[in-house]
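Coordinate analysis (summary)
The residues making up each chain are set out below.
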Amino acid sequence: MSLRDDAILVLKGYEDQPELRDVYLEHLAEHEDGMYKPCTAGHLTSSALVIDPTRGRVLLTLHRKLNMWLQMGGHCEQGDPTVEAAALREATEESGIAGLSLLPGGPVRLDRHPIPAPCHWHLDVQYAALAPAGAAAQISDESLDLRWFGYDEVAGVADTSVVRLLEGTLKRL
């Protein structure tokens, strides 16, 4: 099964945000290359909010290009077998934490946001990743900073998309 086929199955099984889910499915139906960065009409991305429920906190990265506090995530790669695997790979690479596990139940949310040309849209499939006990984060080259924030601090540093992702994650916990 291709990554694109996996994404279609994941999205068809995702019951929340039906209008946005349909936008994602239409994009993949219209663009054979819609999973990857070269697709100038937009492409799917995969991300994960790293969460430490025992300490009531989340790990956010200060994105190097956007200068915003965000969840870990990014572009799908040819070697990613699934959208879920892409989210876990990105979260592990950007957090430096080994042993992350995705919260069961598939994506927590979808988020479509504009990006600068030549591409136009990121169609993000958002998951939540549980940090193992005693996890020590290590900053990557993609970040300006990496920091744990208490649940109640997230709205003060991050945009609405991250706040909604945290809310969805906490409901699922």
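This report concerns the structure included in the present document. Bear in mind that the values here come from a model prediction, so they are computed numbers and not experimental data.

Digging into the nonpolar core
Core analysis: the biggest nonpolar cluster contains 32 residues, and Tyr24, Met35, Leu44 and Val50 have the highest contact counts within it. Sorting the residues of this core by element identifies helix H1 (3-13), helix H2 (18-30), strand S1 (43-52), helix H3 (83-95) and strand S7 (121-130) as the ones contributing at least two each. If you look at the next biggest cluster of nonpolar residues, it comprises 17 residues, including Leu70, Ala128, Phe149 and Leu165.

Some points on the packing of H1 against H2
One way to put it is that H1 packs onto H2 with a least axis distance of 10 Å and a crossing angle of 155°. Compared by their axis directions, H1 and H2 come out roughly antiparallel. Note that H1 runs across H2; the crossing there is left-handed. On H2, the residues touching Arg4, Ala7, Ile8, Leu11 and Lys12 of H1 are Arg21, Tyr24, Leu25, Leu28 and Ala29. Taken together, the residues of the contact of H1 with H2 sort by class into seven nonpolar, no polar and three charged.

Concerning the side chain of Ser143
Its place among the elements puts Ser143 in strand S8 (residues 143-150). The exposure class of Ser143 is buried, given its relative accessible area of 3%. With sequence-adjacent residues up to four places away left out, Ser143 is seen in contact with Thr61, Leu62 and Arg64.

Some details on the packing of aromatic side chains
In this structure the tally under the stated criterion is one aromatic pair. Plain terms: the ring middles of Trp69 and Phe149 are 5.0 Å apart, the flat faces sit at 75° to each other, and that makes the pair edge-to-face. Here the residue Trp69 occupies a position in strand S3 (residues 69-70), and Phe149 occupies one in strand S8, the gap between them amounting to 80 residues. The exposure class of Trp69 is buried, given its relative accessible area of 11%. Here Arg57 stacks its cationic end above the ring of Trp148, 4.0 Å away from the centre of that ring. For the cation-ring pair, Arg112 lies above Trp121, with the distance from its terminal atom to the ring centre recorded as 3.6 Å.

Calculation notes
Residues numbered from 1 in each chain as written. Predicted model: local features only at pLDDT ≥ 70, side-chain atom pairs only at ≥ 80, totals over all residues. Heavy atoms only, no water. Core = buried A, V, L, I, M, F, W, Y, C linked by side-chain atoms within 4.5 Å. Buried < 20%, exposed > 50% of the residue type's maximum accessible area, 1.4 Å probe, protein only. Helix = DSSP H or I, 4+ residues; strand = E, 2+ residues; numbered from the N terminus. Axes fitted to C-alpha atoms, helices over the stretch in contact; angles between N-to-C directions. Parallel < 35°, antiparallel > 145°, perpendicular 65-115°, else oblique. Left-handed = near helix turned anticlockwise from the far one by under 90°. Contact = heavy atoms within 4.5 Å. Nonpolar A, V, L, I, M, F, W, Y, C, P; charged D, E, K, R; others polar. Phe/Tyr/Trp six-rings, centres within 6.5 Å; stacked < 30°, edge-to-face > 60°. Lys NZ or Arg CZ within 6 Å of the ring centre and 35° of its normal.

Just distances and angles here, no functional claims.
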